[in-house]
Amino acid sequence: SYDGYVFDFANGDVNGDGIVNVADIVEIINHLRGETSERYIESEADVNNDAKVDHLDIQMMKEFLFSGYGEILHMSGKITLPHIDNPNLFENCIVSSILGESVLQGGRFSIYSLENNSFQSFFVTDKDGNIYMMARQPVKKGEEIEINVESTALAMATLHPLFATINIEDFSSLITIIKKSSKYQSYYNEVENVIKAKKDIIDDSNVSLTNSLAETT
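Residues numbered from 1 in each chain as written. Predicted model: local features only at pLDDT ≥ 70, side-chain atom pairs only at ≥ 80, totals over all residues. Heavy atoms only, no water.

S.K.: Just checking my understanding: could you explain unusual backbone geometry for this structure?
M.R.: As a rule of thumb, non-glycine residues mostly have phi less than zero, and peptide bonds are mostly trans rather than cis. Even without glycine at this site, alanine 51 takes up a positive phi of about 70°. As for its position among the elements, alanine 51 is in the loop between helix 2 (42-45) and helix 3 (55-65). The phi dihedral of lysine 198 is positive, around 50°, even though this residue is not glycine. If you trace the backbone, lysine 198 turns up in the loop between helix 6 (184-196) and helix 7 (207-216). Overall, lysine 198 belongs to the partly exposed group, its relative accessible area being 33%. (Helix = DSSP H or I, 4+ residues; strand = E, 2+ residues; numbered from the N terminus. Buried < 20%, exposed > 50% of the residue type's maximum accessible area, 1.4 Å probe, protein only.)

This is how it looks when you write it as C-alpha cells:
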C-alpha cells in the first residue's frame, strides 16, 4: 500500500511499516552505505528480484513513487532478438516490474505495470539474479511492452539517479541525444554482444561495454 492507496507491490516495504514510500528508499540507501537499521528487510529491498540489492532497486522505487499515481494495467509483452541465432535464449527467465513478475514463455510475458505520465522499468533476469536485458518506457493501455537490444542499451544509458523522475517529454529528448551520439552504434554493438553471450549486462567484467557506455553518455 502507499499512503492509503493499495498496490500489489512485489517488494518494496523495506522497513516493514505496511506502506511503500520514501522512507523505504532511505532504508536501502543507508544499507548500501553500511548503516543497516534493525527495521531493514532484505527480501523487500530487492525490488527488481535480481537476488541482490543495489542502485537499480532504488531506481525502480523512485520511478514509481515520484511519477504519480496511475491505472494499474495487466500488460502483454515480448522479447525480440532479430540478430541472435537462438530465439529461446532467455526461455523461462523472469521479467520483473515494480508491481510483479512473469516467466518468459515463447518469448512472451504478461505483467502488471502503471499507466501514468512517466515511464516504468522492466528487467529480464534468471533465478540467480543475472540481468540480461531491460527496458524503460511509458506504459499505455493497448500497447505491448517490447524488450530488445535497443531498449536495453537505452535503459542502461539512462540509469543515472538524475533521470529517475524525468518526465516523458524530457526523457524522449534525452533518448534522441543519446542515439545521435557518434559513439552510439559502437555502444549498441557492445550491448548486443553481451546479450548474445547471455552475460549479466551490468556485471563489472564487461569492460568493453562499460567503456563504450561512458563514451556514449
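S.K.: Help me out: how do you make sense of the sheet that holds strand 1 (residues 71-79) in this one?
M.R.: The strands making up a sheet are joined through hydrogen bonds of the backbone, oriented either antiparallel or parallel. Read from one edge to the other, the open sheet built from three strands follows the order 4-1-7, with strand pairing classed as mixed. Bordering the open sheet on either side are strand 4 (108-115) and strand 7 (145-147), each of which pairs with just one other strand. Pairwise comparison of adjacent strand axes, ignoring direction, gives a mean angle of 35° for this sheet. Pairing of strand 1 with strand 4 involves eight bridges; the strand directions are antiparallel. Residue histidine 74 lies in a different strand from strand 4, and its bridge partner there is tyrosine 112. (Pairing = 2+ DSSP bridges. Axes fitted to C-alpha atoms, helices over the stretch in contact; angles between N-to-C directions.)

S.K.: What is the right way to read the packing of helix 4 (residues 149-157) against helix 5 (residues 168-180) from this model?
M.R.: To characterise two packed helices, one gives the angle between the axes of the helices and the distance between these axes. Look at helix 4 against helix 5: their axes get within 11 Å of each other, and the N-to-C directions meet at 105°. In terms of their interaxial angle, helix 4 and helix 5 are classed as roughly perpendicular. Together, Glu150, Leu154 and Ala157 of helix 4 and Ile175, Ile178 and Lys179 of helix 5 make up the contact between the two elements. (Parallel < 35°, antiparallel > 145°, perpendicular 65-115°, else oblique. Contact = heavy atoms within 4.5 Å.)

S.K.: What should I look at first to understand the environment of glutamate 63 in this one?
M.R.: Note that glutamate 63 resides in helix 3. Assessed through its relative accessible area of 2%, glutamate 63 is described here as buried. The spatial distance from the C-alpha of glutamate 63 to the C-alpha of leucine 174 is 16 Å, given a sequence separation of 111 residues.

S.K.: Any chance you could explain the pattern of salt bridges here in plain terms?
M.R.: Pairing between side chains becomes possible if they bear opposite charge and their charged atoms approach one another. Considering all chains together, one arrives at six salt bridges under this definition. Its salt-bridge partner being lysine 52, residue aspartate 50 comes within 3.6 Å of it at the nearest N-O pair. When salt bridges that share partners are traced, they join Asp50, Lys52 and Asp200 into one network. (Salt bridge = Lys/Arg side-chain N within 4 Å of Asp/Glu carboxyl O.)

S.K.: Help me understand the nonpolar core, please; the structure alone is not making it clear to me.
M.R.: One recurring pattern in soluble globular proteins is that nonpolar side chains are buried together. Counting residues in hydrophobic clusters, the biggest one holds 62 residues, and the most contacted among them are Phe90, Met133, Ile147, Tyr187, Ile195 and Ile201. For methionine 133, the residues in contact, after removing those within four places along its chain, are Ile79, Leu81, Phe90, Phe122, Phe123, Val124, Ile147, Asn148, Val149, Thr152 and Ile195. (Core = buried A, V, L, I, M, F, W, Y, C linked by side-chain atoms within 4.5 Å.)

S.K.: Would you take a moment to explain helix 6 for this structure?
M.R.: An α-helical segment advances 3.6 residues per turn. Residues three or four places apart therefore align on the same side. Given a rise of 1.5 Å per residue, 13 residues ought to cover 18 Å, and the 18 Å separating the end C-alpha atoms of helix 6 matches this to within 8%. Every buried residue of helix 6 is accounted for by Tyr184, Tyr187, Tyr188, Val191, Glu192, Val194 and Ile195. Taken end-on, helix 6 shows its buried residues confined to a sector of 165°, consistent with a single buried face. Each element contacted by the buried residues of helix 6 is listed here: strand 6 (131-137), helix 4, helix 5 and helix 7. Two residues or fewer past helix 6, lysine 198 is found with a positive phi of approximately 50°. (Expected span 1.5 Å × (residues − 1). Arc of directions from axis to C-beta.)

S.K.: Would you take a moment to explain the sheet that holds strand 6 for this structure?
M.R.: Reading across from one edge, 3-2-5-6 is the order of the four strands in this open sheet, with antiparallel pairing throughout. The open sheet has two edge strands with one neighbour each: strand 3 (100-103) and strand 6. Taking the axes of each pair of neighbouring strands and ignoring which way they run, one obtains an average angle of 20° across the sheet. As defined by bridge partners, strand 2 (residues 94-97) adjoins strand 3 across four bridges and the pair is classed as antiparallel. Each residue of the ladder has a partner; that of valine 95, found in strand 3, is serine 102.

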